[in-house]
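# Observations on chain architecture
One letter stands for each residue in the lines below.
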Amino acid sequence: MKHIRITLALVMGLGVSLQSCDDFLNEPPQGQQNVNNYYSNAEECKAAVMGCYATADQDDWWKIDRTRMFGDAGSDDAWKGNAIAGDQREFGDFARFFWLPNNEWFDNRYVHIYQSIGNCNAALVGIDKAPIDGTLKAQLLGEVKFIRAYNYFELVKGYGGVPLVLTPLAPSDALALKRASAAEVYAQIVTDLQEAAAALPEKSARATVDLGRATKGSANAYLAKAYLYTEQWQQAQQAAEAVMASNQYNLNGEFSNIWNVNNPNGSESIFELNYSPDQAFNLGSALTVVMRSRADGGWGFNTPTSNLEQAFVQENDPRRRWTIIKQGDNVGARTASFDYSNYDTKPAENESGRMSRKMFLPLADRPANEREHAPLNRIEMRYADLLLIHSEASFRLGQEGKALSSLNLVRARANRLQPGTVLPRTSTGTALLNHIWLERRLELAMEGHRYYDLVRQKRLVAVMTAFNASQLTSTDPYDRGKVKDQISDKNNLFPIPTSQIQLSGGNVTQNPGY
């Protein structure tokens, strides 16, 4: 999937992407394309699909990219990180759970996800009417439905029920929209993903140039996740097993190589946002800069907690090294300007003395113009996540044998890092469920999952309360005594942005507690 940007919709009102049918000229401009004369051939339809992928990721660090840190900083896994007073203060408020509806981070995420949904809605209408081959049309529509479902999943798991927009709308219609229930949004996600799965090819059928684009496996994997979030255990297990039975994915690759810029679309990658190395456009990730040490040319945000590190230490788990860079760690050779063999996280400007290894680009892999151009792909769904979804769903169905089997596949791969350290689990009952949840924390740490997992597991407040208590007795030299002091039940949902409520004239209502 190569990111290219085309504009197919207007962003107005609720942040929903809209299209106006008003004519502002008696004569249409000659030689210009619009939604009425676009979609005239296969190439235009393909470009429209690329536009949907592009806006699902956006093109600047402050749009969608930075809010991917919500899943880490909104939990016991990470701090705001950058300790400079006033630098991205509202992200600091987020990390403390001091959530206000006028925080721009909530607003940007909401608005830009709806922009992508608007592009998807326009593309679905245009491609459906296009005079192109029927097989190609079905596949392109399947891709767009997958992207729309992906976007709605990102909205609903954070904000709860949101306005459900499935067609291009006029501004007056958009302003009248009310919030759908979370159940209604999830139902639409399931419908889109089922239709996408029926129309899309398997990963192995994709040409090399198309790797990263949606597949049958990615649609079924997100189906499994949507069912997990709605506690439909049987359906979650079945969707996960469809992916497992496809033999398209495996854990043959090493854990140490998953987030390597030289391992794009690896053997366990189910859905991955791919970045072009073209320096002429904003076609890469900004997170490698945003999350790197300020001593190493980064901005220092979203830094792992000592609590997360201790979770690895207590399990004697070698994945720590490939998840966290701690002050003084060896991550490379010494250069004339920086000693990577004794890494400096710049503790004076870092809340934890730690950085994320998964978003770390070695010096040799950094482009000259790195911000918004970093070539490290963003893995949104991988096979280990899918196996742990299967494990949890199987446990809920009373099938502990299946649950252990999938759990131990993930652990067996981790054990290859240092044989004899990550042994198979043999637990049962509540202990097994806790081990599945712990495995999700260790395997997927700093990938943006932890906050959302804690919410759906109905233990966010309990875990964060225990975290705060442990911080007060911590002896860690970097983050001892630091707490996330504003946690309460309202934090199980993000606030609906104030601007969106105002623009809707009150049709969109606020979440409880804000």
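Check the entry above for the structure.
Residues numbered from 1 in each chain as written. Predicted model: local features only at pLDDT ≥ 70, side-chain atom pairs only at ≥ 80, totals over all residues. Heavy atoms only, no water.

### Some words on the overall build of the protein chain
In terms of helices and strands, the protein chain carries 17 helices and eight strands. For the C-alpha atoms alone, the extent of the protein chain along its principal axes is close to 70 × 50 × 50 Å. Here the protein chain, with 514 residues, has 58% of them falling under the buried criterion. Considering only contacts in the protein chain between residues 6 or more positions apart, those separated by 24 or more positions represent 72%. (Helix = DSSP H or I, 4+ residues; strand = E, 2+ residues; numbered from the N terminus. Buried < 20%, exposed > 50% of the residue type's maximum accessible area, 1.4 Å probe, protein only. Contact = heavy atoms within 4.5 Å.)

### Things to note about the pairing of strand 8 (residues 378-382)
With five of five residues buried, strand 8 is to be regarded as a mostly interior element. Pairing geometry for strand 4 (residues 269-273) and strand 8, over four bridges, is antiparallel. From the neighbouring strand, Leu273 faces strand 8, where its bridge partner is Arg378. (Pairing = 2+ DSSP bridges.)

### Here we look at the environment of Ile127
In this fold, Ile127 is placed in helix 4 (residues 104-129). For Ile127, a relative accessible area of 0% corresponds to the buried category. Along the sequence, Ile127 and Tyr38 sit 89 residues apart, while their C-alpha atoms lie 9.4 Å from each other. Here Ile127 is in contact with Tyr39, Cys45, Val49, Ile132, Lys137, Leu140, Leu141 and Val144, once residues within four sequence places are set aside.

### What to know about helix 13 (residues 400-415)
Taking 1.5 Å of rise per residue, the 16 residues of helix 13 would be expected to cover 22 Å, and the 22 Å separating its terminal C-alpha atoms lies within 8% of that figure. Turning to helix 13, its buried residues are Ala403, Leu404, Ser406, Leu407, Asn408, Val410, Arg411, Arg413, Ala414 and Asn415. Of the surrounding elements, those touching the buried residues of helix 13 are helix 9 (233-245), strand 8, helix 12 (383-396) and helix 14 (429-443). (Expected span 1.5 Å × (residues − 1).)

### Some words on the nonpolar core
Core analysis: the biggest nonpolar cluster contains 133 residues, and Tyr39, Ile127, Phe146, Tyr152, Leu155, Ile189 and Phe494 have the highest contact counts within it. For this core, the element with the highest residue contribution is helix 5 (residues 134-159), accounting for twelve residues. Apart from the residues lying within four places of it in its own chain, the contact partners of Phe494 are Phe70, Phe94, Trp99, Phe106, Gly158, Tyr159, Tyr451, Tyr452, Asn511 and Tyr514. Judged by nonpolar contacts, the second largest core, of seven residues, contains Ile325, Val331, Phe338 and Tyr340. (Core = buried A, V, L, I, M, F, W, Y, C linked by side-chain atoms within 4.5 Å.)

### Observations concerning the side chain of Asp76
By the element assignment, Asp76 lies in the loop between helix 2 (70-73) and strand 3 (78-79). The exposure class assigned to Asp76 is buried, which follows from its relative accessible area of 3%. Within the structure, Asp76 has its side chain in polar contact with the side chain of Arg441 (distance 3.4 Å). Once you skip the residues sitting within four places of it in the chain, Asp76 turns out to touch Thr305, Asn307, Leu308, Arg441, Arg450, Leu454, Val463, Met464 and Phe467. (Polar contact = N/O pair within 3.5 Å; in protein donor to acceptor, adjacent residues only side chain to side chain.)

### With respect to the pattern of salt bridges
Pairs can form between side chains of opposite charge once their charged atoms are near each other. Across all of its chains, the model carries 51 salt bridges by this definition. In this structure, Glu43 engages Lys46 in a salt bridge whose closest nitrogen and oxygen atoms are separated by 3.6 Å. Of this pair, Glu43 and Lys46 both sit in helix 1 (residues 42-57), three residues apart, which is roughly one turn of that helix. A residue is classified by how much of its surface remains accessible, and Glu43, at 52% relative accessible area, is exposed. Notably, a salt bridge pairs Glu439 with Arg319, separated by 2.8 Å at the nearest N-O pair. Residue Glu439 is found in helix 14, and its partner Arg319 is found in the loop between helix 11 (306-314) and strand 6 (324-326); the two are separated by 120 residues along the sequence. (Salt bridge = Lys/Arg side-chain N within 4 Å of Asp/Glu carboxyl O.)

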